[in-house]
Amino acid sequence: MSKNSSTATGTSVSSRILLDAVTKHYPGQSKPAVDGITLEIPAGKIVMLVGPSGCGKTTTLKMINRLIEPTEGRITLGDEDVTNIDGDQLRRRMGYVIQAGGLFPHMTVAANIAIVPKMLGWSKEKIKNRVDELLELVSLEPAMYRDRYPRELSGGQQQRVGVARALAADPPVLLMDEPFGAVDPITRQRLQDELLRIQEEVQKTIVFVTHDFDEAVKLGDWIVVFSEGAHIVQYDTPERILNEPASSFVEDFIGAGAGLKQLTLNRVRDVELAEAVTGSPGEMAQDVLARVKEAGDGHAVILDENRRPLSWPSRRQLSRLETIPATPDAAIPLVTQGSTLSDALDTMLVSSAGAALVTDRRRSFVGVITVEVVMEAITRSRKASAMANDNDSPVGTNTGTIEVQGGTT
Amino acid sequence: MSDVLRPQAAVGTAAWKGLVIQPAVIVLILAAFVIWLKLGNLSATERATLNPGDLLAYTGQHLALTFVSSAIVLAGAIPLGVLLTRRPFVKVSGVILALANFGQAAPAIGLVVLLAFWLGFSFWSAVVALVVYAALPVLRNTMVGIQGVDERLVESARGMGMSSFSVLMRVELPLAVPVMLSGIRTALVLIVGSATLATFIGAGGLGLLITTGVNLFLPRVLVSGALLVALLALLIDWLGRVVEHYARPKGLR
């Protein structure tokens, strides 16, 4: 979440996308599906297109890679006008992810990922290395998954492969059309965290369509709120959309609990974590218990040799043990530094401890987050809200028509 | 979810049993028939009609009819079926399907004889009749198979920059293969059975035994003809199943 970074035009011009007065008019329909939209997608940022169903957000997305040919207007990728270049060539330069990944069931995971590199004529060796690299990137063990068929994967795993496939030829742009719409909430949360982690590494320009406002707030550097006909109602940072909705339409769309949604804007790494007493398997439980008592804590965190949390026994559990066992406890509340406070709060509320263990990217333990810390963060972010300044906002308007819903950036 | 079951193993064994039993049964019946031919209590006329040389010749004619017609059906109906699923031609697909339906709904014997009046009493009229008769299952299953491919897969393929031809070759056709093959098998079995009728227009085949059996009241000859046609049909059906088993893309259930 970077409200301070210099947007777009300056750095890595190559992947900025500009829709210039683009219209899509389907024959036989009186109203255009997309009405003269001018939209700048800054390079290396995640821009979320949200709006009610049928508002034209998916049409807008598909016009970027010209799966849908615009009726009017120009589309620029970097400095290049791509409105009239060969559509297939253009699409090979843009990753495309759809719901459930859209994997081809008759091809293995590796073959699915290799499709675009093959079309681009990469060597076998290079493709093989790239496939493994990408599987690692999306946290799937290459040796285990590369020769599997999609139906042997869970929904979340298929979605990961879908993302890997879209990234295969390292395109500057990633287009995602409600990719996480078909998975259960827990998997979705995990996939979202994963996407943010991947984005930290790859820094793509991502255009992401969703109808889920919470998802937009969580993932977006910028959010475009659409009303019917792809009219841009507001194009702003998640913070500002939550704090200063441009119209009652946006307010309705945000829905209840804007305050709680603020929690989605803050990450675990932004708050101060509590320290904890740690122990390792094989130690005498008594010794660990003594340390816990000395520190005045209620629990001890048991870590394996890579500092990954195994279990989180309470004083009482410790007192019943002889030595510390090496068995991992699947039920311990775990969040990562990249998790939102909202997800962290969810996790702690279901755990009995009223707190959660925080791990870093390599899944090693960094600290404990408690409900109190989250509460403090809410108070703080309220005070600090609405500090983003207008100057770096990308362009987003509709031209040529009356702006039914009022204000834009 | 790393330990997802691989159900194809179980399905595979069941399918395999079927694939082994069918030819075994065919061979057994054929052996019994040969033994009966050698040792059975046949009249002189029957023995003359059922002599091995003639039987082989009839079977050869029957197979020739079958393979030529099948080849034409496959070469014509598959590309046509593919074409009819392409955007510019979708509109005419209804008309073509109705025509193919008509071909199949018309009584085969009527078709054979009518065509013979028009094209002459020959091998090739019989082939034309068989082609018209058996085109529908192949045509329809090709179309249904391709139309049955999840539209999102096609979109996702286009979205990756595959040309529409390469989407057809690498996504749509491979995924349609199981449905197409079952249509092809149906057509082949239809052709083997219907090739019996070629005898009425002098195109030979195992049907000759049946008509001889009827005309001269030789029930044993009649039954022999029917039995051989049935065995041939079962054999073709088995070949079709074997191909289906191996051509089905891995990764599909």
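So, how was this worked out
In this convention, every chain numbers its residues from 1, walking through the sequence in written order. In the order they appear in the text, chains get letters beginning with A and ligands get numbers beginning with 1. Only residues with pLDDT of at least 70 get local features here, since the model is predicted, and only at 80 or more are side-chain atom pairs given and counted; chain-wide, interface and lining totals rely on the full set of residues. For the side-chain quantities, the full set of heavy atoms in the structure was used; hydrogens and water were omitted. Counting from the N terminus, the helices are the DSSP runs of H or I reaching at least four residues and the strands are the DSSP runs of E reaching at least two. For this analysis, residues touch if any pair of their heavy atoms sits within 4.5 Å. Only the protein chains shown count as cover for residues, and the accessible areas themselves come from Shrake-Rupley with a 1.4 Å probe. Think of it in three bands: residues with accessible area under 20% of the maximum for their type are buried, residues over 50% are exposed, and the middle band is partly exposed, with areas taken using a 1.4 Å probe on protein chains only. In this description, buried area is defined as the sum, over both parts, of the accessible area (probe of 1.4 Å) that is lost when the two are combined. The term salt bridge refers to a pairing of a side-chain nitrogen on Lys or Arg with a carboxyl oxygen on Asp or Glu at a separation within 4 Å. What qualifies as a polar contact is a pair of N or O atoms within 3.5 Å, subject to a donor-acceptor requirement within protein and to the restriction that residues adjacent in sequence count only when both atoms come from side chains. Residues are grouped as follows: nonpolar covers Ala, Val, Leu, Ile, Met, Phe, Trp, Tyr, Cys and Pro; charged covers Asp, Glu, Lys and Arg; every other residue, Gly included, is treated as polar. UniProt positions are given in the numbering used here, feature names are shortened, and annotations may be inferred rather than shown by experiment. Two strands pair if DSSP finds at least two bridges between them. In this analysis, axes come from line fits to C-alpha atoms, helices being fitted only over the stretch in contact, and the angle between any two N-to-C directions falls in the range 0 to 180 degrees. Here a pair means two rings of Phe, Tyr or Trp (six-membered ring of Trp) with centres within 6.5 Å. Their orientation is stacked below 30 degrees between planes, edge-to-face above 60, and tilted elsewhere. Distance and angle both matter: a charge sits over a ring if NZ of Lys or CZ of Arg is within 6 Å of the ring centre and within 35 degrees of the ring normal. Angles are sorted into four bins: roughly parallel if under 35 degrees, roughly antiparallel if over 145, roughly perpendicular if 65 to 115, and oblique for all others. Helix crossings fall into two classes, left-handed where the near helix is turned counterclockwise from the far one by less than a right angle and right-handed where it is turned clockwise. A residue's pLDDT is simply how confident the predictor is in it, with values from 0 to 100. Here the expected span of a helix is defined as 1.5 Å times the quantity of residues minus one. By convention here, the domain bounds are inherited from an automatic or database domain assignment.

1. Overview of the overall build of chain A
Okay, step 1: The number of helices and strands found in chain A is 16 helices and 17 strands.
Okay, step 2: Put simply, 66% of the contacts in chain A that link residues at least 6 apart link residues at least 24 apart.
Okay, step 3: Surface summary for chain A: the accessible area is close to 17,700 Å², and the carbon and sulfur share equals 48%.

2. Concerning the side chain of Thr347(A)
Okay, step 1: Note that Thr347(A) resides in helix α15 (residues 341-350).
Okay, step 2: Taking the relative accessible area as the measure of exposure, Thr347(A) reaches 16% and is therefore buried.

3. As for the interface of chain A and chain B
Okay, step 1: At the junction of the two partners, chain A supplies 29 residues and chain B supplies 26 residues.
Okay, step 2: Contact between chain A and chain B buries roughly 2,600 Å² in total, counting both sides, with carbon and sulfur atoms accounting for 56%.
Okay, step 3: Linking chain A to chain B there are two salt bridges.
Okay, step 4: Here Glu155(B) makes a salt bridge to Lys62(A), at a shortest N to O gap of 3.0 Å.
Okay, step 5: The interface formed by chain A and chain B holds eight residue pairs in polar contact (both at pLDDT 80 or more) in total.
Okay, step 6: A class-by-class count of the residues in the side of chain A that touches chain B yields 14 nonpolar, seven polar and eight charged.

4. Quick word on the UniProt feature "transmembrane region" (unreviewed entry) in chain B
Okay, step 1: Mapped onto this numbering, the UniProt entry gives "transmembrane region" (unreviewed entry) at residues 20-39, 59-83, 95-115, 121-139, 187-210 and 217-236 of chain B.
Okay, step 2: Taken end to end, residues 187-210 of chain B is 50% helix and 0% strand, and its two terminal C-alpha atoms sit 22 Å from one another.

5. Quick notes on the sheet that holds strand β10 (residues 231-236) of chain A
All names here are of chain A.
Okay, step 1: Across the sheet, six strands lie side by side as β6-β7-β8-β3-β9-β10; this open sheet has mixed pairing. The open sheet is flanked by β6 (94-97) and β10, the only strands paired with a single partner. On average, each strand axis in the sheet is inclined to that of its neighbour by 15 degrees, with strand direction left out of account.
Okay, step 2: The sheet contacts of helix α8 (residues 185-202) involve β3 (46-50), β7 (173-177) and β8 (205-210), and relative to β8 the element is tilted by about 160 degrees.

6. Here we look at the sheet that holds strand β14 (residues 334-336) of chain A
All names here are of chain A.
Okay, step 1: One open sheet accounts for three strands, arranged β14-β15-β16; its pairing is mixed. On the outer flanks of this sheet lie β14 and β16 (365-370), each paired with one strand and no other. Averaged over all pairs of adjacent strands, the angle between their axes in this sheet comes to 35 degrees, without regard to strand direction.
Okay, step 2: Bridge analysis of β14 against strand β15 (residues 355-359) gives three bridges, and the strand direction is parallel. Looking at the pairing, Leu334 lines up with Leu357 of β15.
Okay, step 3: Sitting on the sheet, α15 is in contact with β14, β15 and β16, with an inclination near 80 degrees to β16.

7. Side note on the packing of aromatic side chains
Okay, step 1: Per the counting criterion, the structure on display carries six aromatic pairs over all chains.
Okay, step 2: Ring centres 6.1 Å apart and planes at 75 degrees place the aromatic pair Trp222(A) and Tyr235(A) in the edge-to-face group. Taken together, the positions of Trp222(A) in strand β9 (residues 222-227) and Tyr235(A) in strand β10 put the pair 13 residues apart, joining distant regions of the chain.
Okay, step 3: Residue classification places Tyr235(A) among the buried positions, given a relative accessible area of 0%.
Okay, step 4: Judged by centre distance (5.8 Å) and plane angle (80 degrees), the rings of Phe117(B) and Phe121(B) are edge-to-face.
Okay, step 5: Of note, Lys126(A) hangs over the ring of Trp122(A), and the distance from its end group to the ring centre comes to 4.0 Å.

8. Considering the pattern of salt bridges
Okay, step 1: With the rule as written, the count across this model stands at 27 salt bridges over all chains.
Okay, step 2: Residues Glu40(A) and Arg16(A) are paired through a salt bridge, measuring 3.7 Å at the closest nitrogen-oxygen approach. Here Glu40(A) is found in strand β2 (residues 34-41), whereas its partner Arg16(A) is found in the segment before β1 (17-24), with 24 residues between them in sequence. In this pair, the class of Glu40(A) matches that of Arg16(A), namely buried.
Okay, step 3: Of the charged contacts, one joins Arg86(B) and Glu172(B) as a salt bridge, the two residues approaching to 3.2 Å between their closest N and O atoms. Of this pair, Arg86(B) sits in the loop between α3 (52-84) and α4 (93-105) while Glu172(B) sits in helix α8 (residues 164-194); the two residues are 86 residues apart in sequence, bridging distant segments of the chain.
Okay, step 4: A relative accessible area of 21% means that Arg86(B) is categorised as partly exposed.

9. Re the packing of α4(B) against helix α6 (residues 123-147) of chain B
Residue and element names in this part refer to chain B.
Okay, step 1: Look at α4 against α6: their axes get within 7 Å of each other, and the N-to-C directions meet at 140 degrees. With respect to their mutual orientation, α4 and α6 come out oblique. Seen along the crossing, α4 lies across α6 with a hand that is left-handed. Residue-level contacts link Ser93, Ile96, Leu97, Ala100, Asn101, Gly103 and Gln104 of α4 to Val132, Tyr133, Leu136, Pro137, Leu139, Arg140 and Met143 of α6.

10. Side note on the confidence of the model for chain B
Residues shown with low pLDDT carry predicted positions that ought not to be read at fine detail.
Okay, step 1: Overall, the predicted model of chain B reaches an average pLDDT of 86, with 94% of residues at or above 70.
Okay, step 2: For residues 1-10 of chain B, every residue scores under 50 in pLDDT, and the model assigns this stretch 13 contacts once sequence neighbours within four places are set aside.

11. Some thoughts on helix α7 (residues 155-166) of chain A
All names here are of chain A.
Okay, step 1: Counted at 1.5 Å a residue, the expected span for α7 with its twelve residues is 16 Å, and the 17 Å between its end C-alpha atoms agrees.
Okay, step 2: Burial of α7 is extensive: eleven of the twelve residues sit out of reach of the surface.
Okay, step 3: All of the buried residues in α7 are Gly156, Gln157, Gln158, Gln159, Arg160, Val161, Gly162, Val163, Ala164, Arg165 and Ala166.

12. Points about the domain arrangement of chain A
Residue and element names in this part refer to chain A.
Okay, step 1: Each assigned domain of chain A is listed here: domain 1 (13-266 + 394-398) and domain 2 (269-382).
Okay, step 2: Each of domain 1 and domain 2 has a C-alpha centre, and these two points are 35 Å apart.
Okay, step 3: Counting each side, the surface lost to burial between domain 1 and domain 2 is near 1,200 Å², with a carbon and sulfur contribution of 52%.
Okay, step 4: Together, Glu200, Leu263 and Asn266 form the three largest contributors to the area buried by domain 1 at its contact with domain 2, with a combined 48%.
Okay, step 5: If you look at where domain 1 meets domain 2, you find two salt bridges.
Okay, step 6: For Lys218, the salt bridge is made with Asp343, and the minimal N-O distance between the two is 2.7 Å.
Okay, step 7: Where domain 1 packs against domain 2, one counts two residue pairs in polar contact (both at pLDDT 80 or more).
Okay, step 8: Contributing elements (two or more residues each) for the side of domain 1 that touches domain 2: α8 and α12 (258-265).
Okay, step 9: For the side of domain 1 that touches domain 2, the element with the highest residue contribution is α8, accounting for five residues.
Okay, step 10: Classifying every residue of the side of domain 1 that touches domain 2 by side-chain character gives one nonpolar, five polar and five charged.

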